Amino acid sequence: MVFDPTNFSNFLLLFTAWGGAFIAALWLSLVIWTYRDIRGRARDPLARILAILVVAILFLPGIVIYLILRPSRTLEEDYQHTLEEEALLQAIEEANLCPGCGRRVKEAWIICPNCHTKLKKNCHQCGKPMELPWNLCPFCGTPAPGMRREGLSMDEALRPIPSDSKEPEETLTFNDEVIDESSNI
Ligand SMILES: [Zn+2]
Ligand SMILES: [Zn+2]
């Protein structure tokens, strides 16, 4: 069989055409992929246009550059991350900390076992636990006996613990009150 240059050039032409079509399809796919990808990662229209331009102009090296420079998180992931952070922050804020020693205390605790600070007060009507700043029992609606000042909560916190070793001044004042009351009567 004699070598036919026409056949060969035809084949070469066909091959080039096929290769060209493949590369054109690849280029278009990459541009479309980049468009979809950057749409989910950046809100800035300029960043989107730049990303598509880099891939469209530089083609394969462009896609490498895009993969290196694109935002690491998608907008969806970013949103989820923000939600998680907010939830975590809220959990930290809501975590019950003892105002006396700063340790974590449980919701149901009335007294901190570590520093004996009173964490809650009992309603004098129904006996249910109330937060210290509350001046009204949410269970029975009875107003708490007036203790609006913040300084009082600490004094009040130290008083009702029976096991606590009382300081002499405190005992004295207590005694004075008793004496005063009895003398008044
Ligand atoms: Zn404490
Ligand atoms: Zn009550």
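Look up: the structure comes first, before these words.
Residues numbered from 1 in each chain as written. Chains lettered and ligands numbered in written order. Predicted model: local features only at pLDDT ≥ 70, side-chain atom pairs only at ≥ 80, totals over all residues. Heavy atoms only, no water.

A. Representation of the pattern of salt bridges in the model. The tally for this structure, following the rule as stated, stands at 4 salt bridges. Notably, a salt bridge pairs R41 with D37, separated by 3.1 Å at the nearest N-O pair. By relative accessible area, which is 13% here, R41 ends up buried. Given the relative accessible area of 15%, D37 is considered buried. The partner of R70 in a salt bridge is D37, and the shortest N-O contact between them spans 2.9 Å. Note that R70 is positioned in the loop between α2 (45-69) and α3 (75-94) and D37 in helix α1 (residues 5-39), a separation of 33 residues in sequence. Classification of R70 by relative accessible area gives partly exposed; the value is 24%. Through salt bridges with shared partners, a single network forms among D37, R41 and R70. (Salt bridge = Lys/Arg side-chain N within 4 Å of Asp/Glu carboxyl O. Buried < 20%, exposed > 50% of the residue type's maximum accessible area, 1.4 Å probe, protein only. Helix = DSSP H or I, 4+ residues; strand = E, 2+ residues; numbered from the N terminus.)

B. Region of the structure containing the packing of α1 against α2. One way to put it is that α1 packs onto α2 with a least axis distance of 9 Å and a crossing angle of 130 degrees. One way to sum up the angle between α1 and α2 is to call them oblique. Note that α1 runs across α2; the crossing there is right-handed. Only A47, R48, A51, I52, V55, A56, F59, L60, I63, Y66 and L67 of α2 make contact with α1, whose side of the interface consists of I23, L26, W27, L30, V31, W33, T34, Y35, D37, I38 and R39. Of the residues in the contact of α1 with α2, the class split is 18 nonpolar, 1 polar and 3 charged. (Axes fitted to C-alpha atoms, helices over the stretch in contact; angles between N-to-C directions. Parallel < 35°, antiparallel > 145°, perpendicular 65-115°, else oblique. Left-handed = near helix turned anticlockwise from the far one by under 90°. Contact = heavy atoms within 4.5 Å. Nonpolar A, V, L, I, M, F, W, Y, C, P; charged D, E, K, R; others polar.)

C. Representation of unusual backbone geometry. Even without being glycine, F59 reaches a positive phi, approximately 60 degrees. By the element assignment, F59 lies in helix α2. Residue class for F59 comes out buried when judged on its relative accessible area of 19%.

D. How the structure looks around the coordination of the zinc ion (ligand 2). Surrounding the zinc ion (ligand 2) are the protein donor atoms C123 (SG), C126 (SG), C137 (SG) and C140 (SG), which sit 2.2 to 2.3 Å from the metal. Classification of the site at the zinc ion (ligand 2) rests on its 4 donor atoms, whose angles at the metal span 106 to 116 degrees, yielding the label tetrahedral. Positions of the donor residues of the zinc ion (ligand 2), expressed as sequence spacing, correspond to C-x2-C-x10-C-x2-C. Taking relative accessible area as the criterion, C137 reaches 1% and is therefore assigned buried. A relative accessible area of 36% places C140 in the partly exposed class. (Donors = N, O, S within 2.8 Å, 3.2 Å for Na, K, Ca; no water. Tetrahedral: all angles 85-135°; square planar, octahedral: opposite > 155°, others 65-115°.)

E. The coordination of the zinc ion (ligand 1), seen in detail. In this structure, C98 (SG), C101 (SG), C112 (SG) and C115 (SG) serve as the protein donors to the zinc ion (ligand 1), at separations of 2.2 to 2.3 Å. Site description for the zinc ion (ligand 1): donor spacing in sequence, C-x2-C-x10-C-x2-C. Of the two residues, C101 sits in the loop between α3 and β1 (120-122) while C112 sits in the loop between α3 and β1, which places them 11 residues apart along the sequence.

F. Fine view of the packing of aromatic side chains. All told, the structure shown has 3 aromatic pairs when counted by the stated rule. Look at W33 and Y66: their rings are 6.1 Å apart centre to centre, the planes differ by 90 degrees, and that puts the pair in the edge-to-face class. Of this pair, W33 sits in helix α1 while Y66 is found in helix α2, placing the two residues 33 residues apart along the sequence. (Phe/Tyr/Trp six-rings, centres within 6.5 Å; stacked < 30°, edge-to-face > 60°.)

G. A look at the environment of T74. For T74, the position within the fold is in the loop between α2 and α3. Between the C-alpha atoms of T74 and R39, which are 35 residues apart in sequence, the distance is 8.9 Å. If we skip the residues at most four places from it in the chain, T74 touches G40 and R41.

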